[in-house]
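Observations on chain architecture
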Amino acid sequence: MQTASNSHTMTKKLCRLEFEPIGRRGEADPDQTLLDSAHQLGVDIASICGGSGTCGRCKVQILSGRVSEVTKSEEKFAVGKNKIPPFRLACQAYPADDLKIHVPAESLTSKQRTLVEGLAVAFKPVPPVTTHTVRLDQADAGEINGDADHLLELLAGKFGLKAPTIDLKILSVLSPRLMARECSFEVAVRSNEVIALGPWPRHRLGLAVDLGTTKIAVYLVDLDSGETLVSRGCMNPQISMGEDVISRLTRAARSEKEAIRLQQLALGEINRVAHELCADLDLSPENILEAVIAGNTVMHHLLLNIPVERLGLAPYSPAIKQAVDIKARDLGLKTATGAYVHFLPNIAGFVGGDHVAMLLATGIHRPAGLILALDIGTNTEICLADGEKKTSVSCASGPAFEGAHIKFGMRAGEGAIEHLRLVGDEIEFQTVGGVPPIGLCGSGILDAMAQLYLGGVLDAGGKMGDHSRVRLNDDGMSEFELIDAAGRNGQPALTVTQKDIRELQLAKGAIRSGINLLLDHTGHASEEIDKIIIAGAFGSYIDVKSAVIVGMLPALPLDRFHQVGNAAGMGARLVLASQYHRKESQALAREINYFELAAAPQFAQVFSQSMYLGHEQ
Ligand code: FES
């Protein structure tokens, strides 16, 4: 393989790319990185750092053709060396020619385990949209009233709607249908506004979305019964523009173009999945009469494309906290003509509607002892409710438990070690899908830290000591060999490095310091906690014992821990199909006291104490 200089911008001739072994081909702009072109062509190359050249997850090999020269960022990952053909970082390399590119399996974001299941809460549906059947003859010739006036009068007279109005776009459908001698209509009404004309075969649908930083859960609900008909999880494609909320809001603040791209990435994926789910029911998105979106404050702002600058600066104020209702079409969400989308209210800059949804579904706002609820993710939100008062905090736990910045870290896709045990000198492990291991996902990483600590390989400060499996790597850093090269068909041994342990200590320290400062702020001790609710995908798959061993969670009897799966998704569905719960979510958001951890004088001390491994924190 040859390299070419960065003079790629000199030519505008499109380059033809061929990705192997996927067999995807297409044309690419030479001004675009290989990573961006790959994503455009539907090749899901991992990019944990959002293309900034710091995670090393986007390695590819150029089988033929010329590319730009190796950059400084790439040198850190020893690309361009030790391998024939050499590795390149797709986010740093530009095509200068037609290319044939090999994408190794570990560089692909394999199908991820995305969680849609979780808490099931029984409720009585009281949907915000009602439907009525009206008989409407075409206005007699010479009658002064128009078709819409006629319809609105009928709705007021027959169904008691007060001062009904009509979405103007309905007019373009109503009159032609009347002229075609159709006279019996099903009409969907929301807050006295006619938003759609039927018919709606079988189901009047509602769309609920839990929009996470990493994952999106999408549900189609029958608005009349409240039943969830179909659901699906997918990855948030905004990951290609940054792993965490800070990197994404930085990109959005940089230019309107990037903000729009972030919005369109999430929106496109929601529309795509909603369309697929409708197709599963043999229906079209026109049957969706209401949508609800629960996301953290950054996801909320990015999807609405409202200013995010203040979210990045103390005191991290949202542009808007209260619930937002807008026409779905104004957002670009595919639904019935005049349907609305409701965004749950935010609490603070880093505690948003998904936290409100989670609390609503778990019933934490109803008095039942001292309850701690956590949704662990790239950003971890924690709420302590003592029956009367509810206080929430947000911890920047980072993406380590998503596999980022961990040498063999990966998301919970096939081949990820999800659980492991150190038995004597042997490692027992289980992978997602039961296939040969290619890396460690969050629950496996947590187990690894707990097992190395229990086995005496790590001391309380996290320092790696002697063990038959500990060796020095090429950088002179200690690493623990989980699976040797022979066990990986000649691929490099799968290890946990001293640096990985430091990253994990930062993540678990952030979560534990959040818990401790919250307890301290509210005047409680950890022993008083009656129940710990752990929500979210990562929290659902972790071994709670491991979390307690490393000191991420308080050492309490295991029966006080409840792993509830995707509770935010359940909360979004409650808000979708029940006006009672919608009001409740707004009252709940107003009641929650937000406590800014970084403002606590003892923050630095508690955080550094929380980095230690073991029960005593
Ligand atoms: S190094 Fe290329 S995406 Fe992170």
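Structure shown above.
Cut-offs and rules
- Residues numbered from 1 in each chain as written.
- Predicted model: local features only at pLDDT ≥ 70, side-chain atom pairs only at ≥ 80, totals over all residues.
- Heavy atoms only, no water.
- Helix = DSSP H or I, 4+ residues; strand = E, 2+ residues; numbered from the N terminus.
- Buried < 20%, exposed > 50% of the residue type's maximum accessible area, 1.4 Å probe, protein only.
- Contact = heavy atoms within 4.5 Å.
- Core = buried A, V, L, I, M, F, W, Y, C linked by side-chain atoms within 4.5 Å.
- 1 Å grid on protein atoms, 1.4 Å probe; cavity = no way out; pocket = protein on both sides within 12 Å on 5 of 7 lines; lining within 4 Å.
- Points joined across faces, edges and corners; volume = space filled by probe spheres on them.
- Nonpolar A, V, L, I, M, F, W, Y, C, P; charged D, E, K, R; others polar.

**Looking at the side chain of Ser-443**
- Within the secondary structure, Ser-443 sits in helix 10 (residues 442-454).
- Exposure remark for Ser-443: the relative accessible area of 2% places this residue in the buried category.
- Those residues in contact with Ser-443 that sit more than four places away from it in its chain are Glu-418, His-419, Phe-538, Tyr-541 and Ile-542.

**Quick word on the nonpolar core**
- Within the largest apolar cluster, 60 residues are counted, with the highest numbers of intra-cluster contacts made by Leu-372, Leu-374, Leu-446, Phe-480, Leu-482 and Met-552.
- Tallying contributions element by element places helix 11 (residues 498-522) first for this core, with 9 residues.
- Once residues lying within four places of it in the same chain are set aside, the contact partners of Leu-482 are Leu-420, Ile-427, Leu-440, Arg-469, Leu-494, Thr-495 and Val-496.
- Listed in part, the 45 residues of the second largest apolar core include Ala-217, Ala-339, Leu-359 and Leu-588.

**Observations regarding empty space enclosed by the protein**
- Tallied over the full model, the rule gives 5 cavities of 30 Å³ or more.
- Looking at the largest cavity, its volume works out to about 420 Å³.
- Asp-210, Gly-212, Thr-213, Asp-375 and Ile-376 are the residues nearest the centre of the largest cavity, which is lined by 26 residues in total.
- Every element with two or more residues in the lining of the largest cavity is listed here: strand 10 (205-211), strand 11 (215-222), helix 12 (537-541) and helix 14 (567-577).
- Considering each element in turn, the lining of the largest cavity owes the most residues, 3 residues, to strand 11.
- Of the residues assigned to the lining of the largest cavity, the class counts are 10 nonpolar, 10 polar and 6 charged.
- Lining the second largest cavity we find 17 residues, and of these Lys-215, Phe-401, Glu-402, Gly-442 and Phe-538 sit closest to its centre.

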